[in-house]
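Given next are the chains, with one letter for each unit.
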Amino acid sequence: MKFYKFLFAASVATTIYTVQAQTPDQPQPPKYDQHKVFSPLFYRDNGNEYRTAAGTPGVKYWQNRADYKLDVTLDTALHRVTGTTQITYTNNSPDGLGFLWLQVDQNIYREDSRGQATSAVTGGRFVNKTFTNGDEIKGVYVIKNGKAEKVDYLITDTRMQIKLKDTLRAGGSKLEIKIDYAFDVPQYGTDRMGRELTKDGWIYEIAQWYPRMEVYDDVTGWNVIPYMGASEFYLEYGNFDYTITAPASLVVVGSGELLNPAEVLTPVTIGKLNAARASDKTVSIRDSADIHNSNFYPKKANLTWHFFCKNARDVSWAASKAFIWDAARINLPSGKKALAQSVYPIESAGKPAWGRSTEYVKNCIELYSKEWYEYTYPVATNVAGIVGGMEYPGIVFCGRKSVGGELWEVTNHEFGHNWFPMIVGSNERKYAWMDEGFNTFINKVDTKVFNNGEYYEKPDAQKTAGAMFDPSADAIMNTPDVIQEDYLAYAAYEKPSLGLTILREQILGEERFDYAFRTYIKRWAFKHPTPWDFFHSMDNAAGEDLSWFWNEWFLTTWKDDQSVKGINYIENDPGKGSLITIENLEEMALPVTAAVKEENGKVGIVKLPAEIWQRGPIWTFPYKSSSRIVTVTLDPDHVLPDINPENNSLSGLPLPTGTTAAGVIKTYLDAIGGADKVKNIADLTILSSGTVQGTEVKETTRYKSPNKFSDDIVAPSYNNVKVSHVVINSDSVTVQQMNGSVIMDNTIRSQTKARFLPFPELDYIKPGYVLTLSDDMQVVNDNLAYLVIVTRPDGLKVKSYFDAKTGLKIKQMTDTPGATVNEFGDYREVNGGIKIPFTVKTVVLGQQTEFKVTGAVANTGISDGLFN
């Protein structure tokens, strides 16, 4: 499942305006305690015959099996699925089973479901928009000697218990279950299934569509957590033989292989599919002209499509008359071939959009197969419809309005799930991070490679650290239904992904990590690992005791804050070498990378392992300097989520004699054209664009002297929804996010003005403003800078950084914890004779975003009405 921050932006976005206490004037003592981090007691259990301490399945590892024969009919008039599930259940456990538990997930769409009862009144992605009767069970039978016998069963919300007359014996005994059922297809199925009307007909995306076995394992026995929306699934493996009967004009696609193409496709269509199987380029199977061409399908009222999916944990399917269909060959490392295909309505067609879908499917499957484990299904199908992003074996549902980088991202993500949890079958109901986090991690590895990095954006862990390590954050090791909805994207997706990236790039190195990760996948392919199996397996295969890292990253909400404390020279002579002291101020231990720049131009990189922090929060290391050190910068590439990067750099140079705060401000105003020209700017309109999670956003900024300002950020591909709306009109301040209005108080009002008004420096000569110049040179993106701290009349402090060479403002923030940092660059002149930054880096919806100016004009006489 792809987690869309645009859909959950409500509470994430408000963190931009959260009121927090002012930074204390005196530095606080370090929170770090090496005894907690490097405790020897993380692993409290020994291995056993089922799961070893080395992270492998034990000699007596077992798991039960469920094979399915499914036959259903889709009634497009009633939007209803009716059919039969026949399950052959194999009890490989050492336990006799007197009852069985099954999942009936359609019951979440009942008005009296537990999922509905636990949904917030404010709504959300997993909240029902309409209701159905859920799974309407017509009969439940056990088949003995070819005869169906009714059984005693009980349905509790999304679970069904079958009470057996005779215990299902241990050690491989089998039982056949038959269930007759029906359900109405909800239009919005909590973004996992549903139906959508396009101009050429309904698109049906059908999932969680048959009663299916709960998992019985050696960890908890029956896994009976109800399905309530956020938490996904935990399923047994088996073979699926299934048929879908639907009107003949519909194209049906499903998990696995189509067994009867000659019965449902014309010879012409089969010929095109055969051509696609031999082509690395996308081949059209059904174009827009075929949608209304009755010769495209056999001359029958209904067709029955027969699919088979081998060794899978689930199957899903989609059907529509509106589908355009194209396909191409997938080349697997073993030499085997598979088929990539996409189905989508004409509204989604075109090269910027779904016209590239099959290219995306083919490439991500090939990349994952080469890097981690070979793809195991004969077909990979991408379906465009109402579902924003959801994964099933061999088939995924992605939003039909996705385009460009957004479509690559969601396609890449959903097909990445074919490795986690389709191949490595973790318990998603309990450990969302074992599928979403692992998948997000491999997505980022993939995106860096795809088409020479076409959609790759270099990450900046420092920029998202404030939101990821928010004071109200949940630890990763929580069930998804417990994790607060506004934090789920971090706890399940981004934070575990970042943790694996740090392990790969900063702790183990790519070769050791990749070998260990592949080993884990191979060991647990088509099995049910726990978190501890993963931890043990990685430790053993990588040859590293990582228990300290697993604990701090996955089980706690500890933070990272490394700082440079001091620079000293041996015998006060820089040519004899230096001693650099660093400090760990928060509770987390991570490796250290220090970039050292000297006056003579020499640049050095020092890498230190996390184990330096075993001795305490302060560490001094020698550096072979040959001249005075200009700067020491920790984490120069921003790969660690340091919550306070302001203390990551220290300059060894003093301020130039005679430098004053007022002089720095004057130099800046002169650099952008002079104070007089700035004062003559009656109004200014700036158009910019950027991307948030692969989605393009556009910004329109308007300023009218002296104190009117508006800023609107919209997402064009989401029907121009307003991501952010800010209006400042003298003392009036209005801020709206996707979740509605932000409640204003005096502090938030002051923070907003300080963040957005474009030329506050003009006010600094007015009474009530106090300017203070920092005693030390600062370092911003490896450039020396002056720091001017401005205390406004309302008491709010604003920190502005000015490049020591150019005088231009390059960074600004309010002096409050977690405040949004704005960085400025690429200054260019606009009409009116002033220079403005054409690149602005800021945070939108918790994500670092770089906006580039696409147009800017001054003094056009804009109306006051724009600021109401």
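Residues numbered from 1 in each chain as written. Predicted model: local features only at pLDDT ≥ 70, side-chain atom pairs only at ≥ 80, totals over all residues. Heavy atoms only, no water.

J.: Give a description of the overall build of the chain that names residues and reports values.
T.: Each helix and strand counted, the chain has 16 helices and 46 strands in total. For the chain, whose C-alpha radius of gyration is 30 Å, the value lies close to the compact-globule estimate of 29 Å for 868 residues. Along the longest, intermediate and shortest principal axes, the C-alpha atoms of the chain span 100 × 65 × 50 Å. Taken over 868 residues, the chain has a buried fraction of 59%. Taking the contacts inside the chain whose residues are at least 6 apart along the sequence as the reference set, 69% of them involve residues at least 24 apart. For the chain, the exposed surface amounts to about 33800 Å²; the carbon and sulfur share of it is 50%. Looking at the chain, you have 90 positive and 104 negative side-chain charges, and the mean spots of the two groups are 3 Å apart. (Helix = DSSP H or I, 4+ residues; strand = E, 2+ residues; numbered from the N terminus. Rg over C-alpha atoms; globule rule 2.2 N^0.38 Å. Buried < 20%, exposed > 50% of the residue type's maximum accessible area, 1.4 Å probe, protein only. Contact = heavy atoms within 4.5 Å. Areas by Shrake-Rupley, 256 points an atom, 1.4 Å probe, with all protein chains shown as cover. Lys, Arg positive; Asp, Glu negative; His and termini not counted. Charge placed at Lys NZ, Arg CZ, Asp CG, Glu CD.)

J.: So what's going on with helix H12 (residues 531-542)? Which residues, and what values?
T.: With 12 residues, H12 extends 16 Å between its outermost C-alpha atoms, agreeing within 8% with the 16 Å of an ideal straight helix rising 1.5 Å per residue. For H12, the tally of buried residues reaches 10 of 12 residues, placing the bulk of the element in the interior. Residues Pro531, Asp533, Phe534, Phe535, His536, Ser537, Met538, Asp539, Ala541 and Ala542 constitute the buried set of H12. On the buried face of H12, the contacting elements are helix H8 (436-449), helix H10 (488-507), helix H11 (510-524) and helix H13 (547-555). (Expected span 1.5 Å × (residues − 1).)

J.: Mind laying out the packing of helix H7 (residues 404-416) against H8, listing which residues take part and the relevant values?
T.: Here H7 crosses H8 at 130 degrees, and the two axes come no closer than 9 Å. One finds that H7 runs oblique with respect to H8. Of the two elements, H7 crosses H8, and the hand of that crossing is right-handed. On H8, the residues touching Trp408, Asn412, His413 and Gly416 of H7 are Glu436, Asn439, Thr440, Ile442, Asn443, Asp446 and Thr447. Of the residues assigned to the contact of H7 with H8, the class counts are 2 nonpolar, 7 polar and 2 charged. (Axes fitted to C-alpha atoms, helices over the stretch in contact; angles between N-to-C directions. Parallel < 35°, antiparallel > 145°, perpendicular 65-115°, else oblique. Left-handed = near helix turned anticlockwise from the far one by under 90°. Nonpolar A, V, L, I, M, F, W, Y, C, P; charged D, E, K, R; others polar.)

J.: Which residues make up the pairing of strand E34 (residues 695-704), and what are the values?
T.: On any regular strand, side chains alternate: one points to one face of the sheet, the next to the other face. Residues Thr695, Val697, Glu699, Thr701 and Tyr703 point to one face of E34 and are all buried, whereas Glu696, Lys698, Thr700, Arg702 and Lys704, pointing to the other face, are not buried. Relative to E34, strand E33 (residues 683-692) runs antiparallel, the two being bridged by 10 bridges. In the sheet register, Ile686 faces E34, and the bridge partner there is Thr701. Alignment of E34 against strand E35 (residues 708-715), held across 7 bridges, turns out to be antiparallel. (Pairing = 2+ DSSP bridges.)

J.: Lay out H7 with the relevant residues and their values.
T.: Here H7 is 13 residues long and its end C-alpha atoms lie 18 Å apart, about the 18 Å a rise of 1.5 Å per residue gives. Within H7, 12 of the 13 residues are buried, leaving the element largely enclosed by the surrounding structure. Turning to H7, its buried residues are Gly404, Gly405, Glu406, Leu407, Trp408, Val410, Thr411, Asn412, His413, Glu414, Phe415 and Gly416.

J.: I'd like to hear about the nonpolar core, residue by residue, with values.
T.: In this structure, Leu100, Trp209, Phe517 and Phe534 are the most contacted members of the largest nonpolar core, which totals 188 residues. Considering every element that reaches this core, the biggest residue donor is H10, with 10 residues. In this structure, Ile681, Leu762, Leu773 and Phe802 belong to the second largest nonpolar core, which totals 37 residues. (Core = buried A, V, L, I, M, F, W, Y, C linked by side-chain atoms within 4.5 Å.)

J.: So what's going on with the environment of Thr791? Residues and values would help.
T.: For Thr791, the position within the fold is in strand E41 (residues 783-791). For Thr791, a relative accessible area of 21% puts it in the partly exposed group. Separated by 21 residues in sequence, Thr791 and Val770 have C-alpha atoms that sit 5.1 Å apart. Dropping the residues within four chain positions of it, Thr791 is found in contact with Gly768, Tyr769, Val770, Leu796 and Lys797.

J.: I'd like a description of the environment of Val251, backed by residues and values.
T.: Turning to its location among the elements, Val251 is positioned in strand E16 (residues 251-254). Residue Val251 is classed as buried on the basis of its relative accessible area of 2%. Separated by 40 residues in the primary sequence, Val251 and Ile291 have C-alpha atoms spaced 9.7 Å apart. Every residue in contact with Val251, bar those within four places of it in the chain, is listed here: Arg286, Phe296, Trp305, Ala318, Ala319, Ser320, Phe323 and Trp325.

J.: Outline the packing of H10 against H13, listing residues and values.
T.: Two numbers describe a pair of packed helices, the interaxial angle and the distance between the axes. At a closest axis distance of 10 Å, the pairing of H10 and H13 adopts a crossing angle of 155 degrees. As far as their axial angle goes, H13 and H10 are roughly antiparallel. By crossing handedness, the relation of H10 to H13 is classed as right-handed. Across from Lys495, Pro496, Leu498, Gly499, Ile502, Leu503 and Ile507 in H10, the residues of H13 making contact are Trp548, Phe549, Trp550, Trp553 and Phe554. The residue makeup of the contact of H10 with H13, split by class, is 10 nonpolar, 1 polar and 1 charged.

J.: Please give an account of the state of the cysteines that cites residues and values.
T.: Tallied over the full model, the rule gives 0 disulfides. Distance from the sulfur of Cys364, which forms no disulfide, to the nearest cysteine sulfur (Cys398) is 9.4 Å. Of the residues examined, Cys364 reaches a relative accessible area of 0% and is grouped as buried. (Disulfide = S-S within 2.5 Å.)

J.: Give a detailed account of the sheet that holds E16, specifying residues and quantitative values.
T.: Taken in spatial order, the 5 strands line up as E9-E10-E11-E20-E16 in an open sheet, and their pairing is antiparallel. Lying at the two open borders of the sheet, with one neighbouring strand each, are strand E9 (188-189) and E16. Sheet topology note: the strand E10 (residues 193-198)/strand E11 (residues 201-206) ladder contains 5 bridges and is antiparallel. Its bridge partner being in E11, Arg195 is matched across the sheet by Tyr204.

J.: I'd like a description of the packing of aromatic side chains, backed by residues and values.
T.: A full pass over the atoms with the stated rule returns 60 aromatic pairs. A ring pair is formed by Phe42 and Phe535, whose centres lie 6.0 Å apart and whose planes are at 50 degrees; its orientation type is tilted. In this pair, Phe42 sits in the loop between helix H2 (34-37) and strand E1 (65-75) while Phe535 sits in helix H12, placing the two residues 493 residues apart along the sequence. Relative accessible area serves as the criterion here: at 0%, Phe535 is assigned to the buried category. A centroid spacing of 6.3 Å and a plane angle of 20 degrees characterise the contact between Phe450 and Tyr455, whose relative ring orientation is stacked. Between the NZ or CZ atom of Arg195 and the centre of the ring of Trp202, over which it lies, the distance is 4.9 Å. Here Arg212 stacks its cationic end above the ring of Tyr210, 5.8 Å away from the centre of that ring. (Phe/Tyr/Trp six-rings, centres within 6.5 Å; stacked < 30°, edge-to-face > 60°. Lys NZ or Arg CZ within 6 Å of the ring centre and 35° of its normal.)

J.: Go over the sheet that holds strand E31 (residues 629-634) with me, naming the residues and quoting the values.
T.: Spatially, the 4 strands line up as an open sheet ordered E29-E28-E31-E32, and their pairing is antiparallel. A single partner strand is all that each edge strand has here, and the edge strands are strand E29 (603-608) and strand E32 (649-651). Each strand axis lies, on average, 15 degrees off the axis of its neighbour in the sheet, ignoring direction. With 5 bridges connecting them, strand E28 (residues 592-598) and E31 associate as antiparallel partners. Residue pairing for E31: Val596 is matched across the bridge by Val632.

J.: Tell me what's going on with the confidence of the model for the chain, and back it up with residues and numbers.
T.: Per-residue confidence for the chain gives a mean pLDDT of 94; residues scoring 70 or more make up 96%. Between residues 5-25, whose pLDDT stays under 50, and residues either more than four places distant or in other chains, the model counts 63 contacts. (pLDDT = per-residue confidence, 0-100.)

J.: Explain unusual backbone geometry to me, and be specific about the residues and the numbers.
T.: Here the residue pair Phe420 and Pro421 is connected by a cis peptide bond, since its omega of 15 degrees sits within 30 degrees of zero. Within the fold, Pro421 resides in the loop between H7 and H8. For the bond running from Ser705 to Pro706, omega is 5 degrees, close enough to zero to count as cis. Phi at His79 takes a positive value of approximately 55 degrees, unusual for a residue other than glycine. When you line up the elements, His79 lands in the loop between E1 and strand E2 (80-91). When its relative accessible area of 14% is taken as the criterion, His79 is described as buried. A positive phi angle is found at Glu571, which is not glycine, with a value near 55 degrees. With respect to the helices and strands, Glu571 occurs in the loop between strand E26 (562-569) and strand E27 (578-584). Relative accessible area serves as the criterion here: at 61%, Glu571 is assigned to the exposed category.

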